[in-house]
Amino acid sequence: MKGLQAVILAGGFGTRLRPLTLHRPKPVVPLLNHPFLHYQLALLAAHEVRDVILSVSHLPETIRAVMGDGSALGVRLRYAVEDEPLGTAGGVRNAADLVEGRVVVLNGDVLTDLDLSRMLAAHEARRARATIYLTPVENPTAYGLVELDPEGRVRRFLEKPGWDEVTANTVNAGVYILERELLELVPKGRPYSMEREFFPDLLARGVPFFGHVDPAYWLDIGTTEKYLQAHRDLLEGRLRSPLRPRGRALGEGWVEPGTSIAESARLVGPVVLGAGCRVEAEARVGPAVVLGAGCVVGAGAHLEGAVLWESVSVGAGARLSGCLVARDCRIGAHARLTPGVVLGEGSVVTEHSRVAPGP
Ligand code: GDD
Ligand code: MG
């Protein structure tokens, strides 16, 4: 796919990931301690797409501070910043000045090991002007429903249909290949939706617009449940990513430098421990646990299926299971966090407290 450029839509508010996204925008939430967009850049680079434009709107400087110019990942990264959110198609249009030819567009929250080169080959073989990656899901009402004709041409695009409108299980997986001239169909400088305006417009104009159904791994990380699921799936090897956890392999885990593990503590893989963590005596960490840099797990604490961001301290004897804990939280000794709990940055849970998720 040499020479192709990519635009990544990274301007949403991430409301369904609150409270995690109050201070950290969704495109850069950590996933096994890498900012999420690193997975997308690694996928693009693996298919030789190294010229990438991030279409940003909400907290743009925070994203820029984390992602920089992309050189750490061997790509050239530029930014198209919106003063006001321009919507999904408006965001691509806003980046159009930096785009010269055919472009691959990605929603900035999809985790996938899609074979992009195969998708491009299908696009070319069909002489398509637009190709959209489709994936089968159980609940199409949360996504953009796409109906194809027997030749694979898109017949209907229906964003967030009601159950009575569900006629297929294939949905828009948030990866498109578009010919450059189609971007001119998007009005400049005002909000415009890919899903509710641009795609229906392509259909009305009879533009050759095809679906590419692929059984690759696919997940939209945009809710707290799915974000936690993404960790489990990566840890358990359900998708292939060129991006490996940092640090050295230790048993069934990955441990970064400066982390100390007491001799009587137990790591039950798969686990990922960031730099400068401390795991105290008799603690049990894992399976499916990720610790951000600088976390402390107190003596005898048990963590399972839990994702902790940076600098979280867990008191002695605490029990954490199936939960998400943002940075700088303090969990008191013997507290219990049950599956589904999500704590925002800086939360304090006093000792012996019991915390369960709300509806
Ligand atoms: N630049 C920019 N400007 N980006 C935006 C804007 C905006 O105004 N609004 C949203 N985005 C970005 C988000 O950051 C995200 O990466 C992407 O566009 C999609 O927005 P979501 O809010 O995550 O949409 P969704 O998940 O409800 O639905 C979309 O994705 C589904 C697949 O995950 C749609 O494209 C559906 O059709 C699709 O099935
Ligand atoms: Mg989404």
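Each value, and the rule that gives it
- Residues numbered from 1 in each chain as written.
- Chains lettered and ligands numbered in written order.
- Predicted model: local features only at pLDDT ≥ 70, side-chain atom pairs only at ≥ 80, totals over all residues.
- Heavy atoms only, no water.
- Pairing = 2+ DSSP bridges.
- Helix = DSSP H or I, 4+ residues; strand = E, 2+ residues; numbered from the N terminus.
- 1 Å grid on protein atoms, 1.4 Å probe; cavity = no way out; pocket = protein on both sides within 12 Å on 5 of 7 lines; lining within 4 Å.
- Points joined across faces, edges and corners; volume = space filled by probe spheres on them.
- Nonpolar A, V, L, I, M, F, W, Y, C, P; charged D, E, K, R; others polar.
- Donors = N, O, S within 2.8 Å, 3.2 Å for Na, K, Ca; no water.
- Buried < 20%, exposed > 50% of the residue type's maximum accessible area, 1.4 Å probe, protein only.
- Near = heavy atom within 4 Å.
- Polar contact = N/O pair within 3.5 Å; in protein donor to acceptor, adjacent residues only side chain to side chain.
- Areas by Shrake-Rupley, 256 points an atom, 1.4 Å probe, with all protein chains shown as cover.
- Sits in = over half its atoms within 2 Å of the grid points.

### Here we look at the sheet that holds strand β29 (residues 336-337)
Then, in step 1: Within the open sheet, the six strands sit side by side as β17-β20-β23-β26-β29-β32. Their pairing is parallel. The two strands at the open ends of the sheet, each matched to only one other strand, are β17 (266-267) and β32 (354-355).

### Structural notes on the layout of surface pockets
Then, in step 1: Put simply, the largest pocket is a space of about 950 Å³.
Then, in step 2: Lining the largest pocket are 37 residues, and of these Arg-16, Lys-26, Thr-88, Asn-107 and Asp-109 sit closest to its centre.
Then, in step 3: When residues in the lining of the largest pocket are grouped by element, the largest group, three residues, is from strand β11 (residues 170-178).
Then, in step 4: Taken together, the residues of the lining of the largest pocket sort by class into ten nonpolar, 17 polar and ten charged.

### Observations regarding the coordination of the magnesium ion (ligand 2)
Then, in step 1: On the protein side, the magnesium ion (ligand 2) has Asp-109 (OD) and Asp-220 (OD) as donor atoms, found 2.1 to 2.3 Å from it. In this pair, Asp-109 is assigned in the loop between β6 (103-107) and β7 (110-112) and Asp-220 in strand β13 (residues 218-220), connecting sequence segments 111 residues apart. Of the two residues examined, Asp-109 and Asp-220, each falls in the buried class.

### Some points on the site of ligand 1
Then, in step 1: Taken together, 27 residues lie around ligand 1, and Glu-82, Glu-159, Asn-172, Glu-195 and Asp-220 are the ones closest in.
Then, in step 2: With respect to ligand 1, the side chain of Ser-55 contributes an N or O atom lying 2.8 Å from a nitrogen atom.
Then, in step 3: Between an oxygen atom of ligand 1 and a side-chain N or O atom of Lys-160, the distance comes to 2.7 Å.
Then, in step 4: When the free accessible area of ligand 1 is taken as 740 Å², the share hidden by the protein chains comes to 91%.
Then, in step 5: Here ligand 1 is seated within the largest pocket.
Then, in step 6: Secondary structure elements with two or more residues in the shell around ligand 1: α3 (87-95), β10 (154-159), β11 and β13.
Then, in step 7: Residues of the shell around ligand 1, tallied by class, amount to nine nonpolar, ten polar and eight charged.

Limitation: the analysis is restricted to geometry and does not speak to function.
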